[in-house]
Every structure is written in structure tokens, then in C-alpha cells.
Amino acid sequence: QIGVDCHLTEDGNCPLSGMNKSSIIHVYPGGQSACLNRSTPYFFEVRPGDADKLLLSFQGGGACWDRLTYHLGLCITSTTPDKWEGLLNYTDMENPYRSYTMVKILYCSGDMHGGDTEQPW
């Protein structure tokens, strides 16, 4: 089952132990979290699995560099879940991560995920 909703609020939470392992949970963090278009509430997806194993995935997207790229529609401005494939394919018996709890951070903010590393070579 895809798209079961859970809302994080001051009075409630979304414990992993209470999530159905046959569902994809849409977790709404609440507060002021929102997508770039401000009309779509932000959520991330959780596919419950083993509580002691976590696979965290950052969805790719189209970054907004300025007002022009926003108005040309080159940015992703609302949550758009994609398929659970590759390392996230929990139905593939050959996937060594299939039993992990998987968290997919959806992209809709117009910024970008990035990193930095230094290599000794």
C-alpha cells in the first residue's frame, strides 16, 4: 500500500514500530516545512523494514538558480514521489538492502543536495 499518511505534530509522532511494513508511509514533518511553491505540503517517504538497518536516499531534482529558472518551470517545486527501484527496490530478492528501513527524502525546495570530500590521492 502506497501513500499512507502520518503527520508529525506537537501531540503526535510517527513511530517506526507503529508503521505497517507492507506500506509506504508519507511523513509530514509539519511546522513551517513546505515546498518551493508554498502550496504543496512537504513530506518524505518511509518504507518500514528492519529497525536496526537504515537506507537514506536523497531524491534528485531540478535546482532553481534564480527567478527566471523558477518561472520557466525548470525547478521541481512540489513533492513528486518516484519509483522504488535500484537500491530502493524492496521486492528484488537479490537486493541486499531489501529488508532495510528506507527513508526517501523528496526534493521540492529548489535548492540542492551537495557534499564535499577530500581524498588522499
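Now for a description of the structure that goes with this document. As the structure is a computational prediction, the values presented were derived from the model and not from experiment.

Conventions adopted
Residues numbered from 1 in each chain as written. Predicted model: local features only at pLDDT ≥ 70, side-chain atom pairs only at ≥ 80, totals over all residues. Heavy atoms only, no water. Disulfide = S-S within 2.5 Å. Helix = DSSP H or I, 4+ residues; strand = E, 2+ residues; numbered from the N terminus. Buried < 20%, exposed > 50% of the residue type's maximum accessible area, 1.4 Å probe, protein only. Core = buried A, V, L, I, M, F, W, Y, C linked by side-chain atoms within 4.5 Å. Contact = heavy atoms within 4.5 Å. Phe/Tyr/Trp six-rings, centres within 6.5 Å; stacked < 30°, edge-to-face > 60°. Lys NZ or Arg CZ within 6 Å of the ring centre and 35° of its normal.

1. Here we look at the state of the cysteines
Then step 1. Under the counting rule described, the total for this entry stands at three disulfides.
Then step 2. Across the disulfide, C35 is cross-linked to C108 (sulfur-sulfur distance 2.2 Å). Here C35 and C108 share a disulfide; its torsion about the S-S bond, -80°, makes the bridge left-handed. Here C35, found in the loop between β2 (24-28) and β3 (44-47), pairs with C108, found in the segment after β5 (100-105); they are 73 residues apart in sequence, far enough to count as distant.
Then step 3. A residue is classified by how much of its surface remains accessible, and C35, at 1% relative accessible area, is buried.
Then step 4. Sequential numbering of the bridged cysteines in the chain gives the disulfide pattern 1-2, 3-6, 4-5.

2. Observations concerning the nonpolar core
Then step 1. Membership of the largest hydrophobic core comes to 14 residues, with the highest contact counts inside it found for C14, M19, I25, V27, Y42, F44 and V46.
Then step 2. For this core, the element with the highest residue contribution is β2, accounting for three residues.
Then step 3. Setting aside residues up to four positions removed in sequence, Y42 forms contacts with V27, Y28, P29, S33, A34, C35, T79, I105, L106 and C108.

3. Considerations on the packing of aromatic side chains
Then step 1. Summed over all chains, the structure comprises three aromatic pairs.
Then step 2. Measuring from centroid to centroid gives 5.2 Å for Y28 and F43, while their planes differ by 45°, and the two rings are tilted. With Y28 in strand β2 and F43 in the loop between β2 and β3, the pair connects residues that are 15 residues apart, well separated along the chain. F43 shares its class with Y28; the two are buried.
Then step 3. Ring geometry for Y97 against Y100: centres 5.2 Å apart, planes inclined by 80°, an arrangement best described as edge-to-face.
Then step 4. Take Y97: its relative accessible area is 30%, and that puts it in the partly exposed class.
Then step 5. In this structure, K104 is placed above the aromatic ring of W84, and the distance from its NZ or CZ to the ring centre is 4.2 Å.

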